[in-house]
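Residues per chain are reported as follows:
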Amino acid sequence: MKSPKRYLVTSALPYANGPLHIGHLAGAYLSADVYVRYLRLMGKEVVWVCGSDEHGAAITLRAAKENSTPQAIIDKYDQLFRQTFTGMGVDFDIFHRTSSPLHHETTQEFFRTLFRKGEFVEQESEQYFDEEANKFLADRYIVGTCPKCANPDAYGDQCEKCGSTLSPTELLPPLRSAYSKTTPVMKKTTHWYLPLNKYEAWLKTWIETGTLDGKKLHDPTEWKAHVLGQCKSWLEGGLHPRAMTRDLDWGIDVPSEIPHSSGKKIYVWMDAPIGYVSATKQWAIDHNQDWKKYWQDKDTALIHFIGKDNIVFHCLIFPAILAAHGDFILPRNVPANQFLNLEGRKISTSKNWAVWVHEYLEDFPDKQDVLRYNMIKNMPENQDAEFTWKRFQESNNNELVNNLANFVNRVTVLTNKYFEGKVPEANKIAAMVSGRGGQEATTLEAELKTIHTYMTAIGEKVMQYDFRGGLQMMMEFSTYGNQFLQFNEPWRKIKTDVVGTAAVLNVGLQIVAALNLAVRPFLPFTSDAMRKMLKINPITRGEGEWATLLKTLSKGKVLLETGHMIGEPVHLFSRIPDEVIAAQVQKLEDSQRETLATPAPEMPKPIEYKPLNQTITYEDFAKLDIRTGTILEAERVPKTDKLLKLTIDLGFEKRTIVSGIAEHFDPKNLIQQRVLVVANLAPRKMKGIESQGMILSAENDLGKLGLVGTTDIFGNGFIVK
RNA sequence: GGCGCGGUAGCUCAGCUGGUUAGAGCGCAUGAUUCAUAAUCAUGAGGUCGGGGGUUCAAGCCCCCCCCACGCUACCA
């Protein structure tokens, strides 16, 4: 693939519902920041957009819970995001908001275009409805019992206790509406669907070959294996139409001229990626540029940085939307990162098992680059990775302090000590040995070539989205500097050979000067500090300095001229002592414990009794028809983990009941067991078998099930009341 | 259960379309050195490449079966 004229880089819009933790940072922001910083230093035309994702049910719900308003919630987190990103040196070209009027217009325009082109399918479906509040219920607004962990307050889209993804139909009763606490009913509603099944064929070709309409748009071999794998997995399974609208209060209205649009909002998942477009528009307005150049010109490379949870949306659904619209380019790559674990466990907001970035900035002032270094070093580029405070400390002390900062310090100290802080004469014939092995003689010219090689290699890694590799290469370059000093021993040479010492330190300073740029995409604050120390011009954004440096080197010219005065040595990094690390680990455990309000692990765990459900009337109870019965047959339902197919004798008839108890009972031990059966429950098909009722069982605090039976003096079919 | 990404030295990971004695960083051991925040540099020990079968002159890389971790997905009335 030929290299593009310009780049449009996006980072997943953070959802304005809570603060950022290190997992967010590792996923879509630091990776993009390194990439974009490098592109800018190479003088490439690049715009990097991001913004707050501010719509959807979770925000209204949170507002209600905190007795606040959605607007107040999004304002609060938008503000916090901006501070956090700026604090960490994550340097977007624009950080926009999906609540802005420009974004609303842009999204509606998109929707309108797709509607007019007849891309949507209007379809009626049944949704949960709250009769008292007179509202349809988003998944998030349906509360019920989690089928996985029995948390009675799980939401219809997710259980916050065990973190599993749910759908409303999976929730166990009693279901209730988050608005009125009443039981929701099913009601018909109309929505607009994107017929992904219609696009399946071209999406498949596009993903697998990078080709659309005979044109090669990207090279799939450059895509990460797990991204391709995930997409192929979806394509194999067949794509289904997906609703692009919701019945919601908080979001972007479906354009009013569209029939039946009253009360309908555009689905946040459609609204959010269009946020990349509106952010670009706003940037263009601010900078007197043409946004279309970035979204509609074939020579632009669109790159989406996201976490793996977003793969399907950015690789299939959003491209389908863009293509359905017609005027837009498709992403050239979607370098999704995997997940970052923390101290051996998954990061969890609800369990408060997280390192919050804004808190890190408070706890470790002026140590942004230490976190950046550690996060890039352990970036989950191709598989899940882990952050531990111990490794954070080790990489700081052993690599940043001992290797990088120390090398820079050695060179500046020696220059100040022996040459009054002036870059000494480069003597091209002076005898020096190479930093590699210390065996062969070398010259300034050869060393400039070596520097060029390192700088090129680091850049290549970054362009391949191998940020860990680039970072490692950068550190090897610093090691090379240490080796060069070690082999040439300027501290010894000064006693006999001032000219030779000057030559050695001149090379040392050239390495430091190059290192200053090598470090910059990863550690921008450090790069600034080094420039101050070297007394060279500060860089604001990056305007091709790296490219210039490569040119200078390949001409055999030096980066720092002889006689240039450098500043006093400064320690770029400082050691982090054990106590500080221990305190962070303690903080993590404390906050998590507070959140869970559980005693220390070594204490015997008290039984957690489930809270009582809301009071019901006798009439409610009387609706239940519970009968005595006996299990006649029991067998596993093939291809399921939990299902047993039971035949129950109810005296007056025999019933087939499918029950999710296979993990608790051996089928052959169930034969002739007496059970209680909810006999008037509406039948339901599971795995193609109609289940005609439900057998009762009790569950203890450890999740163990026990059948609730009758005593043997009873026959079958009698009423329980 | 289906699908997907992985399982390589104590730890974190590289290993391209199969090709000589399987690599790096950290940690560990020994030695050198003192300009530097006891930092640096050199040397070394450490792996039957998750397990089992197969294809091949040759397999960490290909095929089959199994085990483990993670993710998506189905089922859980």
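Residues numbered from 1 in each chain as written. Chains lettered and ligands numbered in written order. Predicted model: local features only at pLDDT ≥ 70, side-chain atom pairs only at ≥ 80, totals over all residues. Heavy atoms only, no water.

## Section: the state of the cysteines
In total, this model carries zero disulfides according to the counting rule given. For the unlinked cysteine Cys231, the closest cysteine sulfur is that of Cys315, found at 3.8 Å. (Disulfide = S-S within 2.5 Å.)

## Structural notes on unusual backbone geometry
The phi angle at Glu343 is positive, at roughly 50°, despite the residue not being glycine. By secondary structure assignment, the location of Glu343 is in the loop between strand E17 (340-342) and strand E18 (345-346). When its relative accessible area of 28% is taken as the criterion, Glu343 is described as partly exposed. Its identity as a non-glycine residue notwithstanding, Asp366 has a phi of 60°, on the positive side. (Helix = DSSP H or I, 4+ residues; strand = E, 2+ residues; numbered from the N terminus. Buried < 20%, exposed > 50% of the residue type's maximum accessible area, 1.4 Å probe, protein only.)

## Details of the sheet that holds E17
Taken in spatial order, the three strands of this open sheet run E18-E17-E19, and their pairing is mixed. Lying at the two open borders of the sheet, with one neighbouring strand each, are E18 and strand E19 (385-387). (Pairing = 2+ DSSP bridges.)

## What to know about the domain arrangement of chain A
Here the domain parsing of chain A yields domain 1 (6-120 + 190-337), domain 2 (354-366 + 387-601) and domain 3 (618-707). Computed from C-alpha atoms alone, the centre-to-centre distance between domain 1 and domain 2 is 37 Å. Across the boundary between the two partners, domain 1 contributes 30 residues, which contact 27 residues of domain 2. Approximately 2500 Å² of surface area, both sides summed, lies buried where domain 1 meets domain 2, with 74% of it carried by carbon and sulfur atoms. Three residues stand out in domain 1 for area buried against domain 2, namely Ile22, Tyr38 and Leu41, and they jointly supply 28% of the buried area on that side. Linking domain 1 with domain 2 are two salt bridges. One salt bridge in this structure joins Asp93 and Arg541, with 3.4 Å as the shortest N-O distance. If you look at where domain 1 meets domain 2, you find ten residue pairs in polar contact (both at pLDDT 80 or more). Elements supplying a minimum of two residues to the side of domain 1 that touches domain 2: helix H1 (22-41), helix H3 (70-88) and strand E16 (300-305). Examining the composition of the side of domain 1 that touches domain 2, we find that eleven residues originate from one element, H1, more than from any other. (Domains from an automatic or database assignment. Contact = heavy atoms within 4.5 Å. Buried area = accessible area lost by both parts, 1.4 Å probe. Salt bridge = Lys/Arg side-chain N within 4 Å of Asp/Glu carboxyl O. Polar contact = N/O pair within 3.5 Å; in protein donor to acceptor, adjacent residues only side chain to side chain.)

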